[in-house]
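Chain residues, written in single-letter form:
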Amino acid sequence: VSTQSTWVVEIHDCFSSNELMMYEALGLCGPGKGGALVDAGEWRRNSRGGELCHYPKRGGRGSFVVNPSGGLLSKGHPIGATGIAQCAELVYQLRGIAGKRQVEGARYGLQHNFGLGSAAVVTLYKRPGLPSKLWYQRRVH
């Protein structure tokens, strides 16, 4: 699984500049290309009547959506609750129960959050029922 597999992303977007830097730091675009990524975004209507901005994946195959929840602007930036809200949104997305915010076909979700004291958390979620791949294999002789 890589950032190229990710279909839906929840980023801690406390400042516009931070959001652009996180696109780059998470590998969603190349260094210095956060602004170009945003410029390349395309608004699309889903089958549930919602509109989401899709950004092109690196390499040009497919797209991903950032903050279908509306990000911190829609939540008022509740200290401590931000990460739980991101987690809940990604679970809703991967279970297909996000309503008008639904990223159709979402298989993976990526969560980025940070807080006071430079604490940072990055979590990868996968849709229930997807096969797991082992990162390594242990051989028993």
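Notes on the structure follow.

Parameters at a glance
- Residues numbered from 1 in each chain as written.
- Predicted model: local features only at pLDDT ≥ 70, side-chain atom pairs only at ≥ 80, totals over all residues.
- Heavy atoms only, no water.
- Helix = DSSP H or I, 4+ residues; strand = E, 2+ residues; numbered from the N terminus.
- Rg over C-alpha atoms; globule rule 2.2 N^0.38 Å.
- Buried < 20%, exposed > 50% of the residue type's maximum accessible area, 1.4 Å probe, protein only.
- Contact = heavy atoms within 4.5 Å.
- Areas by Shrake-Rupley, 256 points an atom, 1.4 Å probe, with all protein chains shown as cover.
- Lys, Arg positive; Asp, Glu negative; His and termini not counted.
- Charge placed at Lys NZ, Arg CZ, Asp CG, Glu CD.
- Salt bridge = Lys/Arg side-chain N within 4 Å of Asp/Glu carboxyl O.
- Pairing = 2+ DSSP bridges.

All right, on to the overall build of the protein chain then. Helix and strand counts for the protein chain stand at four helices and six strands. The linear arrangement of helices and strands in the protein chain, starting from the amino end, is β-α-α-β-β-β-α-α-β-β. A globule of 141 residues ought to have a C-alpha radius of gyration of about 14 Å, and the protein chain, at 16 Å, matches this closely. Overall, the C-alpha framework of the protein chain stretches about 55 × 40 × 30 Å when taken along its three principal axes. Taken across its 141 residues, the protein chain has 38% of its residues classed as buried. Taking the contacts inside the protein chain whose residues are at least 6 apart along the sequence as the reference set, 52% of them involve residues at least 24 apart. Surface accessibility of the protein chain: about 8700 Å² in total, with carbon and sulfur atoms responsible for 56%. The distance from the centre of the 17 positive side-chain charges to the centre of the 9 negative ones in the protein chain is 13 Å.

One non-glycine residue with positive phi stands out, namely Asn67, at about 50°. Structurally, the position occupied by Asn67 is in the loop between strand E4 (63-66) and helix H3 (71-75). Phi at His77 is positive, roughly 55°, even though this residue is not glycine. With respect to the secondary-structure elements, His77 resides in the loop between H3 and helix H4 (82-95).

Here we come to the pattern of salt bridges. Taken as a whole and judged by the stated rule, the model has three salt bridges. Between Arg44 and Glu42 there is a salt bridge; the shortest N-O distance is 3.0 Å. Residue Arg44 is classed as partly exposed on the basis of its relative accessible area of 34%. According to the relative accessible area criterion, Glu42 is partly exposed, its value standing at 42%. Residue Glu89 is joined to Arg101 by a salt bridge in which the shortest nitrogen-to-oxygen separation is 2.9 Å.

With that settled, the discussion passes to the pairing of strand E6 (residues 120-126). The pairing of strand E5 (residues 108-114) with E6 spans seven bridges and is antiparallel. Counterpart to Gly109 in the pairing with E6 is Tyr125. Between E5 and E6, which pair antiparallel and follow one another directly, the connecting turn spans five residues, one of which, Gly117, has a positive phi of 75°.

In short, geometric facts, not functional conclusions.
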